[in-house]
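As a plain string of letters, each chain reads:
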Amino acid sequence: RVAASGVRLPHEVLGRAPATAGMAAQLSTWQETLGLRKLAGVGIAISGSFQTDRTFNTPYSLEEWAAVDLAGEFGAALGCTAYADNDGTLAALAESFFGAGRRLASFAYLYIGSGVGGGVVLNGELWRGSRGNAGEFAGGLEPALSPFPSLELLRRTMAAHGRSFASIDDMLDEIDPQEPAVDD
């Protein structure tokens, strides 16, 4: 999920131009409302593994963002410093500051979104690994696993069982983990 100051954007495919323009407009509104002269920076969390130190190999639903320098593109569009990282890695980092991880020196965080990922904190520090993909647990799944487990697959499976949702967010708000489609 993309979130910024409580604003949730749906999981549906969002192209590059509308995303950067929408983010710039929203941030401009916040700056004006809060009386801020300049935005200090922005953080971007995205599903996928690092391809290079600045680009990501994204899932199909984010295909338009694959191999894109997100920090560079959003930084230029917003006129500030931008930082991009894997969503599971950043979720683990947030857990270490604000969640159960505050009480743990080391833990692994499993993050299920458009795929299966996560992050690893060792001795109070985010462990990135040699290429920034230390928490990409999906690498341990059978490579030929098809279809690959994801929330979109669950949404489609729910629809096949007669329970349709307009978006993943709608499904997450209403799903009962005991429904038969969850085990399928």
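Just above, that's the structure.
Residues numbered from 1 in each chain as written. Predicted model: local features only at pLDDT ≥ 70, side-chain atom pairs only at ≥ 80, totals over all residues. Heavy atoms only, no water.

A.B. asks: Mind laying out the sheet that holds strand E9 (residues 125–127), listing which residues take part and the relevant values?
C.D. replies: Strand order in the open sheet formed by three strands is E7-E8-E9, and the pairing between neighbours is antiparallel. Each edge of the open sheet is held by one strand with a lone partner, namely strand E7 (107–112) and E9. Across this sheet, the average inter-strand angle for adjacent strands is 30 degrees, counted without regard to direction. Where strand E8 (residues 116–122) and E9 come together, three bridges link them in antiparallel fashion. Bridge pairing in E9 places Val-121 opposite Leu-126. Its contacts with the sheet put helix H3 (residues 87–98) on E7, E8 and E9, and the angle it makes with E7 is roughly 130 degrees. (Pairing = 2+ DSSP bridges. Helix = DSSP H or I, 4+ residues; strand = E, 2+ residues; numbered from the N terminus. Axes fitted to C-alpha atoms, helices over the stretch in contact; angles between N-to-C directions. Contact = heavy atoms within 4.5 Å.)

A.B. asks: Which residues make up the pattern of salt bridges, and what values do they have?
C.D. replies: Per the counting criterion, the structure on display carries four salt bridges. A salt bridge links Arg-163 to Glu-174, with the nearest nitrogen and oxygen atoms 3.8 Å apart. In this pair, Arg-163 sits in the loop between helix H4 (151–160) and helix H5 (168–174) while Glu-174 sits in helix H5, placing the two residues 11 residues apart along the sequence. Residue Arg-163 is classed as partly exposed on the basis of its relative accessible area, which comes to 29%. Several salt bridges converge on common partners, so that one network encompasses Arg-163, Glu-174 and Glu-179. (Salt bridge = Lys/Arg side-chain N within 4 Å of Asp/Glu carboxyl O. Buried < 20%, exposed > 50% of the residue type's maximum accessible area, 1.4 Å probe, protein only.)

A.B. asks: Describe in detail H4, supporting the description with residues and values.
C.D. replies: Along H4, the residues classified as buried are Leu-151, Glu-152, Leu-154, Arg-155, Thr-157 and Met-158. The positive-phi residue at the C-terminal boundary of H4 is Gly-162, with phi of around 90 degrees.

A.B. asks: So what's going on with the nonpolar core? Which residues, and what values?
C.D. replies: Ranked by internal contacts, the top residues of the largest apolar core, which has 18 residues, are Leu-70, Phe-74 and Leu-78. Among the elements that make up this core, the one with the highest residue count is helix H2 (residues 70–78) (four residues). With sequence-adjacent residues up to four places away left out, Leu-70 is seen in contact with Ile-44, Ile-46, Arg-54, Phe-56, Trp-65, Gly-75 and Ala-84. Of all hydrophobic cores here, the second largest spans seven residues; its members include Leu-151, Leu-154, Phe-165 and Met-171. (Core = buried A, V, L, I, M, F, W, Y, C linked by side-chain atoms within 4.5 Å.)

A.B. asks: Help me get a handle on the packing of aromatic side chains, residues and values and all.
C.D. replies: Counting across every chain of the model gives three aromatic pairs. When the ring of Trp-65 is compared with that of Phe-74, the centres are 5.6 Å apart and the planes differ by 15 degrees; the resulting orientation is stacked. The class of Trp-65 is buried, set by a relative accessible area of 6%. For Phe-74, a relative accessible area of 6% gives the class buried. Seen in terms of ring centroids, Phe-97 and Phe-98 are 6.2 Å apart; in terms of plane orientation they differ by 50 degrees. Their pairing is tilted. (Phe/Tyr/Trp six-rings, centres within 6.5 Å; stacked < 30°, edge-to-face > 60°.)

A.B. asks: Could you give an account of the side chain of Asn-86, naming the residues involved and the relevant values?
C.D. replies: If you trace the backbone, Asn-86 turns up in strand E6 (residues 81–86). Engagement of the side chain of Asn-86 in a polar contact is seen with the side chain of Glu-136, the distance being 2.8 Å. (Polar contact = N/O pair within 3.5 Å; in protein donor to acceptor, adjacent residues only side chain to side chain.)

A.B. asks: I'd love a proper account of the environment of Thr-157, names of residues and values included.
C.D. replies: Position of Thr-157 among the secondary structure elements: in helix H4. Taking C-alpha positions, Thr-157 is 9.7 Å from Pro-180, a pair spaced 23 residues apart along the chain. For Thr-157, the contacting residues outside a window of four places in its chain are Ala-181 and Asp-184.

A.B. asks: Explain the environment of Gly-132 residue by residue, including any values.
C.D. replies: By the element assignment, Gly-132 lies in the loop between E9 and H4. Overall, the relative accessible area of 8% leaves Gly-132 in the buried class. Placed 43 residues apart in sequence, Gly-132 and Thr-89 show a C-alpha to C-alpha distance of 8.9 Å.

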